[in-house]
Amino acid sequence: MQTFRVAFLGAGRIGQMHLHNLRTIAGVQVQVVADTSLAAAAHGATIVAAPRHTDDISAAIADPEVDVVMICTPTGSHPELIRQAVLAGKPVWCEKPVALTMPAVQQLSDLVDQHQVPVMIGYMRRFDARYQRAKARLDAGELGRIERWHSQSIDASPPSLAFIKTSGGICIDMIIHDFDLATYFVGEIDTVYAQGTVVVDPGFIDAGDVDTIIVTVRFKNGAIGVITGGRRTAWGYDIRTEIVGSQERAYIALQSATPSNHDGDVSPVEAQTHTFGDAYHAELTYFFDCLRQGITPRPGIAEAGQSLQVAIAATQSLHTGRPVRVSDISA
Ligand SMILES: NC(=O)c1ccc[n+]([C@@H]2O[C@H](COP(=O)([O-])OP(=O)(O)OC[C@H]3O[C@@H](n4cnc5c(N)ncnc54)[C@H](O)[C@@H]3O)[C@@H](O)[C@H]2O)c1
């Protein structure tokens, strides 16, 4: 089996989780862990027994002993790091979201078209067996014509306010998972209308964000939906999705499987890993399988750009109090 040598960028909360997973994915050798914090890079390297760690990110990407670049850095840094890897001709797997702005997505999209280097953005829920079963039922026509989408994503507890300030806000950072799934399952979203509030932590006001949100969505095919997002529950990570068709519905409720804050603080990544542990593993296995088989992994830049466009429209709606057409958000 072909072995891929990886430069792994960003060994923070989610990066460490992925490093643990990489230990059990055959044909992958992490060659170097790079992080702007040398201590984080060193810790990351110990997780996966990588021979090198560094705080020189560009050198890690350019390393001649590296074939593939994996990115788990803060969202604002994704476009530049993807750009460097694509220019070096190295396939990329990058955590969601692809970027914070549509011009950045357009530039990356043009670059990838020009250089034909595979880039996959990590939307792990697509790889969760429960969502995959629902998608198979939908694709087989079992649900009939889709009429409504209801989904809810509530974290067990909020990330730090420092993280929130660089995250792009709740639509771009968090319920972008729901925008991605809604588009993947039902089709393109035409219009969004968002209302939000701060009920968990007044610090969200200083960060220019909300901690609780409801977004109504209208799909181009006539279906409508509602997406609820929140940054805290007392009872644990609460993920539910209902896809309602003319014949049947698919209902996925993952709340009961998560640890509860009643038993002590549950960090967001801890709760996500508990719920989507297999999905995080499956998405990376799929990425390397695609590289081995010469298949373009999904979602790529363009698909990830679609959900970002919806998230930016929802953010604009949140701040203006008006419905926003997704097509009005352009590069
Ligand atoms: N798919 C999911 O469920 C999921 C969950 C959590 C986070 N994420 C995404 O993963 C990314 C990272 O989130 P996190 O929670 O791990 O953040 P984090 O702040 O915990 O970790 C980020 C790490 O990157 C390092 N870093 C910062 N700038 C860098 C740069 N330019 N180059 C290299 N290293 C750099 C930091 O020192 C830190 O160690 C974000 O884009 C976030 O949206 C996805």
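Just above sits the structure.
About the thresholds
Residues numbered from 1 in each chain as written. Predicted model: local features only at pLDDT ≥ 70, side-chain atom pairs only at ≥ 80, totals over all residues. Core = buried A, V, L, I, M, F, W, Y, C linked by C-beta atoms within 7 Å. Buried ≥ 20, exposed ≤ 12 C-beta atoms within 10 Å, placed from the backbone. Helix = DSSP H or I, 4+ residues; strand = E, 2+ residues; numbered from the N terminus. Domains from an automatic or database assignment. Contact = placed C-beta atoms within 7 Å. Near = placed C-beta within 6 Å. Nonpolar A, V, L, I, M, F, W, Y, C, P; charged D, E, K, R; others polar.

The biggest cluster of nonpolar side chains holds 94 residues, and the ones touching the most others in it are Ala 7, Leu 9, Val 69 and Val 192. Here the element with the most residues in this core is helix H12 (residues 301–320); it accounts for nine residues. Two domains each donate at least three residues to this core, and these are domain 1 (4–125 + 281–299) and domain 2 (128–268 + 306–328). The residues touching Ala 7, leaving out its near neighbours within four places in the chain, are Gln 31, Val 32, Ala 34, Ala 60, Ile 61, Asp 63, Val 66 and Val 69. Counting residues in each nonpolar core, the second largest holds six residues, with Ala 156, Ile 239, Leu 254 and Ala 271 among its members.

To continue, consider helix H9 (residues 176–185). Burial of H9 is extensive: nine of the ten residues sit out of reach of the surface. Of all the positions in H9, only Ile 176, His 177, Asp 178, Phe 179, Asp 180, Leu 181, Ala 182, Thr 183 and Phe 185 are classed as buried.

Take the site of the ligand next. In the neighbourhood of the ligand, 26 residues make up the surrounding shell, with Gly 10, Gly 12, Arg 13, Ile 14 and Glu 95 lying closest. Those elements that place two or more of their residues in the shell around the ligand are helix H1 (13–22) and helix H11 (268–293). It is H1 that contributes the most residues to the shell around the ligand, three residues altogether. Grouping the constituent residues of the shell around the ligand by class yields eleven nonpolar, ten polar and five charged.

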